[in-house]
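Summary of structural features
Chain by chain, the residues:
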Amino acid sequence: MFTGIITGVGRIAALHDLGSSLDHGKRLTLEAPPGYLDDVGLGDSIALNGACMTVTSLDLPRHHFTIDISAESLARTTGLAQVGHRLNLEKALRAHDRLGGHIVSGHVDGVGTVTRFAQVGESWELRVMAPPELGKYLAYKGSITVNGVSLTVNQVLDSAAGCEFSINLIPHTVQNTALGQLTDGSPVNLEIDTVARYVERMLGAGTHTSKESA
């Protein structure tokens, strides 16, 4: 479990295939900021651009760690298979940590596309087109996770192409996350608010067909 408050920005240092077919995943070697891995152990969870991954090895002198990512996860996320790509990092939430953002599971619900990223005054406006199926979970002043960052929705516009939402980014967020590298057309990982997920399920109770186990 995470909060969407980024604690470091890393970089994909190397990429290795875990097999010879498209059904195999990849092993990523990531470079973290100095000291970032000092309290990390094997098997710990770290979110990479919002996708929860498990640490499989550590090289503390080089500030490196590795994760294995399945072909399924690669197909449902973006930005996790390009050497040199900068990633938002967040360690898993501990019981005594402050909940500065919102409850984030680290499970990507879909990939959106940046439609506008431009400076407006001292801040930045980020607009993202979300897939149509995610539109019902987005609301004015609601929460959304973009590449692992907990953000507040300022505007929602539904269309046949999907749901475009707008976010205001303060300079601190742009400077201390990898969101500053986004451009128009960039794909981004999206995770909807957990509360919105349960509300939609409760409101739709009785309209879905349940599968009985044999």
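Below, the structure is looked at part by part. Since the structure is predicted, the reported quantities are computational estimates derived from the model, not experimental observations.

Brief notes about the sheet that holds strand β3 (residues 45-48)
Strand order in the closed barrel formed by six strands is β1-β2-β5-β4-β3-β6, with antiparallel pairing between adjacent strands. Shown here is a sheet whose adjacent strand axes are inclined to one another by a mean of 45 degrees, direction ignored. Relative to strand β6 (residues 86-91), strand β1 (residues 8-17) runs antiparallel, the two sharing four bridges. Its bridge partner being in β6, G10 is matched across the sheet by L87.

A closer look at the pattern of salt bridges
One pass over the full model with this rule turns up twelve salt bridges. The salt bridge partner of R11 is E31, with a shortest N-O separation of 2.7 Å. In this pair, R11 is assigned in strand β1 and E31 in strand β2 (residues 26-31), connecting sequence segments 20 residues apart. The partly exposed category is assigned to E31, whose relative accessible area is 28%. Across the salt bridge formed by K26 and D17, the nearest N and O atoms sit 2.5 Å from each other. For K26, a relative accessible area of 21% corresponds to the partly exposed category. The exposed category is assigned to D17, whose relative accessible area is 54%. A single network of salt bridges, built from pairs that share partners, joins D39, K91, R94 and D97.

Here's the deal with the layout of surface pockets
Of the voids in this model, the largest pocket is the one considered here, and its volume is about 330 Å³. Forming the walls of the largest pocket are 16 residues, and the residues nearest its centre are K91, A92, L93, R94 and D97. Those elements that place two or more of their residues in the lining of the largest pocket are β3 and β6. Taken together, the residues of the lining of the largest pocket break down into six nonpolar, three polar and seven charged. Roughly 280 Å³ of internal volume is contained in the second largest pocket. Contributing elements (two or more residues each) for the lining of the second largest pocket: β10 (149-159), β11 (162-169) and α2 (171-176). In terms of residue count, β10 provides more of the lining of the second largest pocket than any other element does, five residues in total. Residues that form the lining of the second largest pocket fall into these classes: seven nonpolar, nine polar and no charged.

About the cut-offs
- Residues numbered from 1 in each chain as written.
- Predicted model: local features only at pLDDT ≥ 70, side-chain atom pairs only at ≥ 80, totals over all residues.
- Heavy atoms only, no water.
- Pairing = 2+ DSSP bridges.
- Helix = DSSP H or I, 4+ residues; strand = E, 2+ residues; numbered from the N terminus.
- Axes fitted to C-alpha atoms, helices over the stretch in contact; angles between N-to-C directions.
- Salt bridge = Lys/Arg side-chain N within 4 Å of Asp/Glu carboxyl O.
- Buried < 20%, exposed > 50% of the residue type's maximum accessible area, 1.4 Å probe, protein only.
- 1 Å grid on protein atoms, 1.4 Å probe; cavity = no way out; pocket = protein on both sides within 12 Å on 5 of 7 lines; lining within 4 Å.
- Points joined across faces, edges and corners; volume = space filled by probe spheres on them.
- Nonpolar A, V, L, I, M, F, W, Y, C, P; charged D, E, K, R; others polar.

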